[in-house]
Amino acid sequence: MDPEQSPAEPTASPDLLDDAFLALRERDRRLVLYFLLEHETASLSELADVVTAWSHAGDSRVIEPRCRNQRYLRLRQVHIPKLVDADIVTHDEETGRVSLASCPEPIRELAARACAAEADP
């Protein structure tokens, strides 16, 4: 235990941290988490729009709808389920809403630091 960490502060188990690192190794999953850290919840469609836009932020080309649609399918079929399995987000399949799960503060801090590092390389 970190000597500066108070016993009442929530901790993350080594298994939870392993799952989080594995889940967040893909950039699209990190982008989803960055957005949800700011907004708490979003529709899957909105996440597809945001992730597509952020992924192509440096491009001067127009993003084709096909690119966004492919990203939507990958989010729905691959990335969101991995984040759900890692208890980082919840997904209501009926409404299509994705929300930030009540993950421990160390996971949120990990994501915030990763976001800052990617935003300012």
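Counting restarts for each chain: residues are numbered from 1 in the order of the written sequence. In keeping with the model being predicted, local features are shown solely for residues with a pLDDT of at least 70 and side-chain atom pairs are shown and tallied solely at 80 or more, while totals for entire chains, interfaces and linings include all residues. Hydrogens are left out, water is left out, and the side-chain values use all remaining heavy atoms of the structure.

Looking up the chain in an unreviewed UniProt entry gives the name DUF7344 domain-containing protein, with the organism given as Haloterrigena gelatinilytica.

The term salt bridge refers to a side-chain nitrogen of Lys or Arg lying within 4 Å of a carboxyl oxygen of Asp or Glu. Per the stated rule, a full pass over the model turns up five salt bridges. Between Arg71 and Asp28 there is a salt bridge whose closest N-O contact spans 3.0 Å. In this pair, Arg71 is assigned in helix α4 (residues 65–85) and Asp28 in helix α2 (residues 27–39), connecting sequence segments 43 residues apart. Pair check on accessibility: Arg71 and Asp28 agree, each one buried. For the salt bridge of Glu118 with Arg30, the shortest nitrogen-to-oxygen distance reads 2.8 Å. Of this pair, Glu118 sits in helix α5 (residues 105–119) while Arg30 sits in helix α2, and the two are 88 residues apart along the sequence. Strands are runs of DSSP state E lasting at least 2 residues, helices are runs of H or I lasting at least 4, and numbering of each runs from the N terminus. Three labels apply to residues, based on accessible area from a 1.4 Å probe with only protein chains included: buried if under 20% of the type maximum, exposed if over 50%, partly exposed otherwise in between.

Taken together, three strands build an open sheet; the order of strands is β1-β3-β2 and the sheet is antiparallel. The two strands at the open ends of the sheet, each matched to only one other strand, are β1 (41–43) and β2 (89–92). Here the strands of the sheet are splayed against their neighbours by 20° on average, with no regard to which way each runs. Two strands pair under a simple rule: DSSP has to find at least two bridges between them. Judged from the four bridges that link them, β2 and strand β3 (residues 97–100) form a sheet pairing that is antiparallel. The residue of β3 that forms the bridge with Val89 is Leu100. Only heavy atoms enter the contact rule, under which two residues are in contact if any of them lie within 4.5 Å. For helices, the fitted line uses only the C-alpha atoms of the stretch in contact; every axis is such a line through C-alpha atoms, and the angle between N-to-C directions lies from 0 to 180 degrees. Each of β2 and β3 touches α4; the most contacted strand, β2, lies at about 125° to it.

A few words on the pairing of β3. Burial along β3 is one-sided: the face carrying Val98 and Leu100 is buried and the face carrying Arg97 and Ser99 is not. As defined by bridge partners, β1 adjoins β3 across three bridges and the pair is classed as antiparallel. Residue pairing for β3: Thr41 is matched across the bridge by Ser99. Taking the residues that link successive antiparallel strands as the turn, the β2-β3 hairpin has four residues, and the phi of Gly96 there is positive, at about 80°.

Three or four residues apart is the spacing at which side chains of an α-helix point the same way, because the helix has 3.6 residues per turn. Multiplying 1.5 Å by the residue count of a helix minus one yields the expected span of that helix. Taking 1.5 Å per residue, 21 residues should reach 30 Å; α4 reaches 29 Å between its end C-alpha atoms and fits that length. A residue's bend is given by the angle between axes fitted to the 7 residues ending at it and the 7 residues starting at it. Largest kink in α4: about 50°, centred on Leu75. Taken as a whole, α4 has its buried residues at Arg68, Arg71, Leu75, His79, Ile80 and Leu83. Elements in contact with the buried residues of α4: α1 (14–23), α2, α3 (44–55), β2 and β3.

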